[in-house]
Every structure is written in C-alpha cells, then in structure tokens.
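# Commentary on secondary and tertiary structure
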Amino acid sequence: MTAHTVRVEDAAGVILCQPGETIVAAMERTAMLSFRTGKDQPRVAVGCRKGGCGVCRVQVLDGAYRALPMSRAHVSDDDRRDGYVLACCVVPESDLAVRLAPRLPVRPTTSTTDIHANR
Amino acid sequence: MAVTGVLRPGFIQLRVLDMEAAVTHYVDRLGLNTVTTGPDGRVYLKAWDEFDHHSVILRKADNAGLDVMAFKVASEADLDTFAKRITAWGLAVDHVPEGEQPGLGRRIGCVLPSGHRIELYATIALSEKHPPIKNPDVWPEEPRGMKATRFDHALLYGPDIDKNLKFFQEALDFSLAEKIELPDGLLAIWLTCSNKAHDIAFVKHAEPGKFHHAAFFLETWMDIGHAADLMTRYNISIDIGPTRHGITRGQTIYFFDPSGNRNEVFAGGYMYYPDNPTRVWDENELGKGIFYYEKQLNERFLTVVT
Ligand code: FES
Ligand SMILES: [Fe+2]
C-alpha cells in the first residue's frame, strides 16, 4: 500500500493520505507541516469528522476510494452514483481529484414520524 | 418551590450509522452501562449514577441525529394534566403505549415549533444496576472511561425558538435561566425545570429538528481533564475544549460520537432557583458566553449539527 495524493479543484497543492487514512484526517494531520514548509495545501471544511454533519462534502472527479459509513441525509444513493461523498469518510485507493461540494445550509429535515419504526 | 411537575430530562434517543462503533463509544469511552437490546435492535444504556431503567437509546439508521428527548414527570396524574395543557397551548399530543421501550410506562409526545419531538412519562422501572440505596457506597461498581454520572441536558437547533420558549414556560412550567438576545431577536435560550442551570437549550437555526449535542455530567474539572486524555488516546473527534462556558458556567468538552452526533461532558454549572433573574448575553460578549476562555465561537458551534 502506498500513500495517495488528493487534488482539490481550483486549489494549489495536494493532500497526501497515508494508507488507510481519510482525506480529512490527512489534511488535519499535515496542516501544521504545510504551515511550516509554506507549501500550499487544499482545505476542506471540517465538522464532526464522522460522516454525520455533511460540511466536508466533495465530488470525486477521478480515482478509486473506499467509503466509511456516512449519513444519507447528506449523500443520497443518487449522489453516490454521481461521486458525491463526505471527505471525512473517504479513504483513497488511488490518487484522487475532487471538487468541493459542501451541503446547502438548509435541506428538508428527517421526518420525526418514523422514530418508533422497527428497522 | 420544590421540584414538581416535570422533574428532569429522562432519556434521549439518537440515530447512529454504525451500532458497534456507537456502543464502544458510549459504553467503553463515555462510561455508560449497557442495559439491554430491544427486539427492534435499539440499544438501551444508562449512566452509573442513574436509578431509572435507561437514559440513552441508540437506533441504527442511515442518517445521524435526534429522534426524541423525553422528560420524566412526577406522577401519572401529572402526565394527564400536561396532556391537557399541551393541547390547550396548541400543540397536537400523541400517545405512545407502555412497553414501546423496555421498562418504560406510557408516554405522551408532541412536536415543538422548532421541529423537535419531545415526550413526557411518569413511570419507568428501577434499573438493575442502580446506585445503592441501603447504606450506600459511593458507587456500586467503579465508574469506567469518562465516568459520566448522568444524561444531563441537550442543545437543539431549529426555527421559532421564541415559540418554544413560550411553550416550555406556559405549558410545562420551565424557567428561562439564560438567553442570548441579539438586536434582531433571540438567538438562544437555556431552559430549566429544576435546580440545574439548564435541562434543555435551543439555538435559532433555519432548518428544523436539528441536533447540536447531548451532554453527560462529570463530577469535577479533573474528570473533564481525564476525559480529554481519553479522547486523544482513543482518537475521538474533538470539537472544542476542555474549556468553560460563560453561560451556565459549566466546564466542558464538545466532541463527536462515531456517527457525528455531538456529545458534551459537562461539570459544574451554577444552581438555579425559580426566583433567579434570567441572565442575559448580548452581541458584544456573545463569544465569552459560549466559550469563556477562547472568547469567541468556533465556526463549528453555529454550523455543524446532525
Ligand atoms: S466532517 Fe461531518 S460529515 Fe465530514
Ligand atoms: Fe451543553
């Protein structure tokens, strides 16, 4: 397994993900380093880091990856087919190119009517 | 005034994406005890210092967030009275029969103007592993992980919080302990039904029904430090802290469960009595109100919810 680079559309530099590391985890871990070296590093917004809040949403334009569990409130099945994912839940398996696609601030909320449903 | 009517937060039901990861987080790290798993897969938990059957319910779902927060009331008669008062106030009341959750009696429920579901109940079984009652030791088994003593409060995000405020004051006899008042209106309210500085709080937010955090009480500032050590050791996603709130004066860490639901460990906080004035924060000192040492909000506080 090797490290993979992540390029973000319209941003200079790359995020270098170690094997098994998510885009957000790599970005946060190396932020200090890029500050010291003065090298540009793309930024993705970070919220919960756990696939729940949707602020780190991106669209993968090119490359292979593995996805961890993420909220369907932010990435529907259709979204998935179009390459939308949450960057905190993406483990690259090749070099990746992505575009920022943060969730709109207001979207229909989850219904409170099915809370007793047996799932 | 003695604490009557609505006594305290009773339980919270959260949606989680990965049950195994959630149980590791809430049981091994936060220190809650497992009570039981229901036939529908919901997992029931409680803190070591709580007498009642359960206080946290985890439900596996494909998205994160809050299903319901429930409050315990003093008696079955109170439950009937509150059903009438809620209806008279103008919200639709529904009924959940006894046994929908193990150990729990009948509940009444309603959806708040902010889009959140709350429920009330009077009857719940004494837990098997309750705190000792006769010649009580300080704990039955030594607390684990962050040593959370109880589910303490929740902060919820949604619209129409002025209506929520009136509802909690007029229909449920809560008091407004603290508020943030901006030139264009209320931004946030901290409501109490007890001697705690808050039992539930709301922040104004465009999208209804959103969840900001569920807070768990720790005994001391030292326990907050120990919790912080555990968070780094086990690579738990931290939002901010350890720090302190100006509002409620609690010592705190915000962090996230494995599904992105925000948790808080909370110690201290002042005692509230119903004759206390409402403490007020304005736009000039708002940062200090939320995070007393940083003196400013991190952006995540206002934008990241599930
Ligand atoms: S940071 Fe919350 S979903 Fe990625
Ligand atoms: Fe809190």
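Keep in mind the model is a prediction, meaning the values are calculated, not measured.

Calculation notes
Residues numbered from 1 in each chain as written. Chains lettered and ligands numbered in written order. Predicted model: local features only at pLDDT ≥ 70, side-chain atom pairs only at ≥ 80, totals over all residues. Heavy atoms only, no water. Pairing = 2+ DSSP bridges. Helix = DSSP H or I, 4+ residues; strand = E, 2+ residues; numbered from the N terminus. Axes fitted to C-alpha atoms, helices over the stretch in contact; angles between N-to-C directions. Contact = heavy atoms within 4.5 Å. Left-handed = near helix turned anticlockwise from the far one by under 90°. Nonpolar A, V, L, I, M, F, W, Y, C, P; charged D, E, K, R; others polar. Buried area = accessible area lost by both parts, 1.4 Å probe. Salt bridge = Lys/Arg side-chain N within 4 Å of Asp/Glu carboxyl O. Polar contact = N/O pair within 3.5 Å; in protein donor to acceptor, adjacent residues only side chain to side chain. Donors = N, O, S within 2.8 Å, 3.2 Å for Na, K, Ca; no water. Buried < 20%, exposed > 50% of the residue type's maximum accessible area, 1.4 Å probe, protein only. pLDDT = per-residue confidence, 0-100. Arc of directions from axis to C-beta. Phe/Tyr/Trp six-rings, centres within 6.5 Å; stacked < 30°, edge-to-face > 60°. Expected span 1.5 Å × (residues − 1).

All names here are of chain B. One open sheet accounts for nine strands, arranged β14-β15-β16-β13-β9-β12-β11-β10-β17; its pairing is mixed. Whereas interior strands pair on both sides, the edge strands pair on one side only; in this sheet they are β14 (238–244) and β17 (279–281). Recorded for the sheet is a direction-independent mean angle of 20 degrees between the axes of neighbouring strands. Examined bridge by bridge, strand β9 (residues 150–158) and strand β13 (residues 210–217) share seven bridges and lie antiparallel to one another. In the sheet register, Arg150 faces β13, and the bridge partner there is Phe217. Running over the sheet, helix α3 (residues 161–170) touches β9, β10 (175–182), β11 (185–192) and β12 (200–204) and is turned about 25 degrees from β11.

All names here are of chain B. Packing of helix α2 (residues 76–89) against α3 leaves a shortest axis separation of 10 Å and a crossing angle of 145 degrees. Read as a crossing pair, α2 and α3 show a hand that is right-handed. Note on element contacts: α3 touches α2 through Lys163, Lys166, Phe167 and Glu170, opposite Arg85, Ile86 and Trp89. Tallied by class, residues from the contact of α2 with α3 come to three nonpolar, no polar and four charged.

Residues and elements named next belong to chain B. Structurally, the position occupied by Val73 is in strand β5 (residues 65–73). A sequence separation of 39 residues divides Val73 from Thr34, and the C-alpha atoms of the two residues are 24 Å apart. Contact partners of Val73, with chain neighbours within four places excluded, come to Gly5, Val6, Leu7, Asp78, Leu79, Phe82, Leu120, Tyr121 and Ala122.

Take the interface of chain B and chain A next. On the side of chain A, 27 residues touch chain B, which itself brings 37 residues to the contact. Together chain B and chain A conceal approximately 2300 Å² of surface at their shared face, both sides included; 51% is due to carbon and sulfur atoms. The largest share of the area that chain B buries against chain A comes from Arg59, Asp62 and Glu207 of chain B, three residues that together contribute 22% of it. Between Asp62 of chain B and Arg72 of chain A there is a salt bridge, with the nearest N and O atoms lying 3.8 Å from each other. Across the contact surface, chain B and chain A share five residue pairs in polar contact (both at pLDDT 80 or more).

Residue and element names in this part refer to chain B. Donor atoms from the polypeptide that bind the iron ion (ligand 2) are His153 (NE2), His213 (NE2) and Glu264 (OE), placed at 2.0 to 2.1 Å. Counting the intervening residues between successive donors of the iron ion (ligand 2) yields the motif H-x59-H-x50-E. With His153 in strand β9 and Glu264 in strand β16 (residues 262–268), the pair connects residues that are 111 residues apart, well separated along the chain. Given a relative accessible area of 1%, Glu264 falls into the buried group.

Residue and element names in this part refer to chain A. Chain-level pLDDT for chain A is 86 on average; 87% of the residues reach the 70-or-more range. Confidence, expressed as mean pLDDT per element, reaches its minimum in chain A at helix α1 (residues 23–37) with 87 and its maximum at strand β6 (residues 90–92) with 98. For residues 106–119, every residue scores under 50 in pLDDT, and the model assigns this stretch 35 contacts once sequence neighbours within four places are set aside.

Right, let's talk about α3 of chain B for a bit. Of all the positions in α3 of chain B, only Ile161, Asn164, Leu165, Phe167 and Phe168 of chain B are classed as buried. Summarising the axial view, the buried residues of α3 of chain B lie within an arc of 165 degrees, below the 170-degree limit, and thus occupy one face.

Residue and element names in this part refer to chain B. All chains considered together, the criterion is met by 15 aromatic pairs over all chains. On the basis of an interplanar angle of 65 degrees and a centroid distance of 6.4 Å, the ring pair of Tyr26 and Phe216 is categorised as edge-to-face. With Tyr26 in helix α1 (residues 19–29) and Phe216 in strand β13, this pair connects stretches of sequence that are 190 residues apart. Accessibility assignment for this pair places Tyr26 and Phe216 in one class, buried. Centroid distance Phe168 to Phe202: 5.7 Å. Interplanar angle 45 degrees. Geometry classified as tilted. Of this pair, Phe168 sits in helix α3 while Phe202 sits in strand β12, and the two are 34 residues apart along the sequence. No difference in accessibility class separates Phe168 from Phe202, as the two residues are buried.

With that settled, the discussion passes to α2 of chain B. Since the α-helix advances by 3.6 residues per turn, residues separated by three or four positions end up pointing in the same direction. Residues and elements named next belong to chain B. Helix length check: α2, at 14 residues, gives a terminal C-alpha distance of 20 Å against a target of 20 Å (1.5 Å per residue), a fit within 8%. Buried residues of α2: Leu79, Phe82, Ala83 and Ile86, and no others. An end-on view of α2 places all buried positions within 110 degrees of arc, on one side of the element. Residues of α2 that are exposed and point over 90 degrees away from its buried face: Lys84 and Ala88. Among the structural elements, β1 (6–16), β5, β7 (107–111), β8 (117–121) and α3 are those in contact with the buried residues of α2. Following α2 by one or two positions, Gly90 adopts a phi angle in the positive range, close to 120 degrees.

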